[in-house]
Amino acid sequence: MNARGAPAPDHYLPHHYWEDRARRFAVEGSGLAAVCSYGMPEFYNRMIHYSQYLALRPWLGITPGTRVLDVGCGVGRWSTLLAGRGGIVTGMDLSPTMIAEARRRAELKNVSSRCRFLVQDLAHLDAGETFDLILGVTVLQHILDPEALKSAVQRMTEHLAPGGRMVLLEAAPVSIADHCDTTVFRARQRHVYLDLFAQAGVELRAISGVDPAPFKTWLLPHLRRLPRPLAVSAVAAVTLLSTPIDVIFGRVAVQQSWHAVFVLQRTGGANAA
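Residues numbered from 1 in each chain as written. Predicted model: local features only at pLDDT ≥ 70, side-chain atom pairs only at ≥ 80, totals over all residues. Heavy atoms only, no water.

Novice: Please give an account of the pattern of salt bridges that cites residues and values.
Specialist: In total, this model carries 10 salt bridges according to the counting rule given. Here E101 and R104 are joined by a salt bridge, their closest N and O atoms 2.6 Å apart. Of this pair, E101 and R104 both sit in helix α5 (residues 96-108), 3 residues apart, which is roughly one turn of that helix. A salt bridge links R155 to E158; the shortest N-O distance between them is 2.3 Å. One end of the pair is R155 and the other is E158, both in helix α6 (residues 146-158) and 3 residues apart, which spans about a single turn. On the basis of relative accessible area, E158 is assigned to the partly exposed category, the value being 37%. Through salt bridges with shared partners, one network takes in E101, R104 and R105. (Salt bridge = Lys/Arg side-chain N within 4 Å of Asp/Glu carboxyl O. Helix = DSSP H or I, 4+ residues; strand = E, 2+ residues; numbered from the N terminus. Buried < 20%, exposed > 50% of the residue type's maximum accessible area, 1.4 Å probe, protein only.)

Novice: Outline helix α3 (residues 42-56), supporting the account with residue identities and numerical values.
Specialist: Its 15 residues place the ends of α3 21 Å apart at the C-alpha level, agreeing with the 21 Å of an ideal helix rising 1.5 Å per residue. Taken residue by residue, α3 has Y44, N45, M47, I48, S51, Q52, L54, A55 and L56 as its buried positions. (Expected span 1.5 Å × (residues − 1).)

Novice: Can you lay out the side chain of N45 for me, pointing to particular residues and giving the numbers?
Specialist: Take N45: it is sitting in helix α3. On the accessibility criterion, N45 (0% relative accessible area) is buried. The contacts of N45, once residues within four sequence positions are left out, are L32, A33, C36, S37 and M40. (Contact = heavy atoms within 4.5 Å.)

Novice: A description of the environment of D10 should follow, citing residues and the corresponding values.
Specialist: Turning to its location among the elements, D10 is positioned in the segment before α1 (14-25). Counting along the chain gives 213 residues from D10 to L223, while the straight-line C-alpha distance between them is 18 Å.

Novice: Just give me the short version of α1, but keep the residues and values in it.
Specialist: If you check α1, its first and last C-alpha atoms are 16 Å apart, about what 12 residues at 1.5 Å a residue would give, namely 16 Å. The complete set of buried residues in α1 reads Y17, W18, E19, R21, A22 and F25.

Novice: Account for a nonpolar patch on the surface, naming residues and giving values.
Specialist: Taken together, I248, F249 and V252 make up a surface patch of nonpolar side chains, about 330 Å² in accessible area. Within the element layout of this structure, F249 appears in helix α9 (residues 228-249). Look at F249 and you get partly exposed, because its relative accessible area is 43%. (Patch = residues over 30% accessible without salt bridge, like charges linked within 9 Å, V, L, I, M, F, W, Y side chains within 5 Å. Areas by Shrake-Rupley, 256 points an atom, 1.4 Å probe, with all protein chains shown as cover.)

Novice: Please give an account of the environment of T243 that cites residues and values.
Specialist: With respect to the element layout, T243 can be found in helix α9. Separated by 195 residues in the primary sequence, T243 and I48 place their C-alpha atoms 9.0 Å from one another. A distance of 2.7 Å separates a polar atom in the side chain of T243 from the backbone oxygen of T239. (Polar contact = N/O pair within 3.5 Å; in protein donor to acceptor, adjacent residues only side chain to side chain.)

Novice: How would you explain the nonpolar core if you had to name every residue and give the values?
Specialist: Judged by nonpolar contacts, the single largest core of 34 residues is most densely connected at M98 and W258. Apart from the residues within four sequence positions on either side, W258 is in contact with E170, A171, A172, P173, A177, C180, F185, A187, D211 and T217. One finds M92, A127, A152 and L196 within the second-largest nonpolar core, a separate group that totals 28 residues. (Core = buried A, V, L, I, M, F, W, Y, C linked by side-chain atoms within 4.5 Å.)

Novice: I'd like to hear about unusual backbone geometry, residue by residue, with values.
Specialist: Most peptide bonds are trans, and most residues other than glycine sit at a negative phi. For N110, which is not a glycine, the phi torsion comes out positive at approximately 60°. Tracing the chain through its elements places N110 in the loop between α5 and β3 (115-119). Judged by relative accessible area, N110 falls into the exposed class, the value being 67%. Notably, T138 is not glycine yet its phi reads approximately 50°, a positive angle. Here T138 is to be found in the loop between β4 (131-137) and α6. Relative accessible area serves as the criterion here: at 11%, T138 is assigned to the buried category.

Dropping the structure here:
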């Protein structure tokens, strides 16, 4: 449940769920409601996006011609950013409507010549080439089936060029935090992802934090019980309290962070630039 009163579905069918979200929100403003927190106010999703950008910024300094794969690209917010920096970007997503919107936004930003977009399931990824950078932002946390999750990580690894870098931002608290889990989301403990990466043959080169302020995770499980005006006010208060903490301490407060950025490389590859 969220501030608009839209509950998570009883039965999570990923193709249907993400296509429905895209049809509702992909063309609405920045499209962040389609790819960040479902149904939450725009100011809240903008804060999430900005925190993600600050956490990812050290790893997105690409050179022109860098081959980029943006998995779960949504409306193309990272694809268009990297294409604007000269990257040759492939974006993939489960939802055809997301992909259509990503193409439209790439054209509006005059980067469509450096972008291609594919409708694919990450667990069966087949992009036809390898990449210097693979980026995924809050994608694995929505893959609930353990075998599909394992397959998704393996398929990304197989698409990573020698010496390439994989950068993944996921909800990955150090401690158990299943009070925020829903039928569409899992806040897996950080060690679960580290084990998955090791099994797939990628090694951790760096890890940083995103959002150490605890207020959002305290509030979100209780929103469904609040009247909507009170829920919106509570979200605004939490956003106001969280933003300075996340902006100032997000990258360094790794152990306290709710999300983590994993920077990975295939085992045995040359050092990433």
